[in-house]
Amino acid sequence: MSVTRVASRYAKSLLELAIDQKNLERVKEDVDGFITALKSRDFYLMLKSPIIHTSKKQSILDVLFKGKFDALTLAFLHVLVRKGREMYLPEMAYEFQTQYKALKGITTVRIITASPVSTAFLEEVKAKLAESKVTRKHIELIPEVNPELIGGFILEFDDKMYDASVHHQLETMRKQLINKQVA
């Protein structure tokens, strides 16, 4: 079975369990904290390692998360480790976030600009996206800066990209000129 399928099934199980126990927001916070911990290369490699024994992995999870995570989240992590599925935990955590956002009607939109933009501009973009009906009800904007764009912006969401950057327009013009010279 593919990693994506396994991660998706475990994420769905955790999501449904959290909803049943009316603990969804707390579990979401725990998963966000787990994803933050995954930024540590050592922690990530420990989860993926077949050499480290299950009991050692469980004790590491206890040291890191016991008292900080909800009992449901910690028990879920322990079950996955006990069943030898800990290598899927990173993917499962990211998939949980995706399923949570779909459940709550949240679209994450990355907006990449050449320089930092004002909050007013971000709110205007958010309003335009909301009225366009190409996104879900709620929009989470993540601003990024890439000076190579020269000007304009790029929007990325749901495997879509809208490129309104000066860099892209110049590149398009360059390709058109080359094609005219060749023809």
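Above this note sits the structure.
Residues numbered from 1 in each chain as written. Predicted model: local features only at pLDDT ≥ 70, side-chain atom pairs only at ≥ 80, totals over all residues. Heavy atoms only, no water.

Draft legend 1. Spotlight on the sheet that holds strand β2 (residues 138-145). Taken in spatial order, the 4 strands make up an open sheet running β2-β1-β3-β4, and their pairing is mixed. Edge positions in the sheet fall to β2 and β4 (160-165), since each of these pairs with one other strand and no more. Averaged over all neighbouring strand pairs, the angle between strand axes comes to 15 degrees, with direction disregarded. Pairing of strand β1 (residues 106-113) with strand β3 (residues 152-157) involves 4 bridges; the strand directions are antiparallel. Bridged to Arg-110 within β3 is Glu-156. (Pairing = 2+ DSSP bridges. Helix = DSSP H or I, 4+ residues; strand = E, 2+ residues; numbered from the N terminus. Axes fitted to C-alpha atoms, helices over the stretch in contact; angles between N-to-C directions.)

Draft legend 2. Inspection of the packing of aromatic side chains at higher detail. The final tally for this structure, using the stated rule, is 7 aromatic pairs. Ring centres of Phe-43 and Phe-65 lie 5.9 Å apart, and the angle between their planes is 80 degrees; this geometry places the pair in the edge-to-face category. One end of the pair, Phe-43, is in helix α3 (residues 41-48); the other, Phe-65, is in helix α4 (residues 54-65), with 22 residues separating them in the sequence. Residue Phe-43 is classed as buried on the basis of its relative accessible area, which comes to 6%. (Phe/Tyr/Trp six-rings, centres within 6.5 Å; stacked < 30°, edge-to-face > 60°. Buried < 20%, exposed > 50% of the residue type's maximum accessible area, 1.4 Å probe, protein only.)

Draft legend 3. Molecular detail of the nonpolar core. Formed by 33 residues in total, the largest nonpolar core has its most connected members in Phe-34, Phe-43, Phe-65, Leu-77, Leu-89, Met-92 and Phe-96. Secondary structure elements with two or more residues in this core: α1 (3-20), α2 (24-38), α3, α4, α5 (71-82) and α6 (89-104). Leu-77 has contacts with Phe-34, Leu-61, Phe-65, Phe-69 and Leu-89, leaving out every residue within four places of it along the chain. (Core = buried A, V, L, I, M, F, W, Y, C linked by side-chain atoms within 4.5 Å. Contact = heavy atoms within 4.5 Å.)

Draft legend 4. Region of the structure containing empty space enclosed by the protein. Using the criterion set out here, one finds 1 cavity of 30 Å³ or more in the structure. Roughly 50 Å³ of internal volume is contained in the largest cavity. Taken together, Leu-14, Val-31, Phe-34, Phe-69, Thr-73, Phe-76, Leu-77, Met-92 and Ala-93 make up the lining of the largest cavity. Mapped by element, the contributors of at least two residues to the lining of the largest cavity are α2, α5 and α6. Among the elements that take part in the lining of the largest cavity, α5 stands out by supplying 3 residues, more than any other. Residue classes in the lining of the largest cavity are distributed as 8 nonpolar, 1 polar and no charged. (1 Å grid on protein atoms, 1.4 Å probe; cavity = no way out; pocket = protein on both sides within 12 Å on 5 of 7 lines; lining within 4 Å. Points joined across faces, edges and corners; volume = space filled by probe spheres on them. Nonpolar A, V, L, I, M, F, W, Y, C, P; charged D, E, K, R; others polar.)

Draft legend 5. Spotlight on the packing of α2 against α6. Orientation of α2 relative to α6, taken along the N-to-C sense of each, is 140 degrees, at an axis distance of 10 Å. Classified by the angle their axes make, α2 and α6 are oblique. Crossing handedness for the pair α2 and α6: left-handed. Across the interface between the two elements, Leu-24, Glu-25, Val-27, Lys-28, Val-31, Asp-32, Phe-34, Ile-35 and Leu-38 from α2 touch Leu-89, Pro-90, Ala-93, Tyr-94, Phe-96, Gln-97, Tyr-100, Leu-103 and Lys-104 from α6. Taken together, the residues that form the contact of α2 with α6 break down as 13 nonpolar, 1 polar and 4 charged. (Parallel < 35°, antiparallel > 145°, perpendicular 65-115°, else oblique. Left-handed = near helix turned anticlockwise from the far one by under 90°.)

Draft legend 6. Quick peek at the pattern of salt bridges. Here the structure, examined in full by the defined rule, presents 11 salt bridges. The salt bridge involving Arg-26 is made with Asp-30; its shortest N-O contact spans 2.9 Å. Of this pair, Arg-26 and Asp-30 both sit in helix α2, 4 residues apart, which is roughly one turn of the helix. Note on Asp-30: relative accessible area 1%, which makes it buried. Across the pair Arg-110 and Glu-156 runs a salt bridge whose closest N-O atoms are separated by 2.6 Å. Of the two residues, Arg-110 sits in strand β1 while Glu-156 sits in strand β3, which places them 46 residues apart along the sequence. The class for Glu-156 is partly exposed, based on a relative accessible area of 23%. Each of Arg-26, Glu-29 and Asp-30 takes part in one network of salt bridges that share partners. (Salt bridge = Lys/Arg side-chain N within 4 Å of Asp/Glu carboxyl O.)

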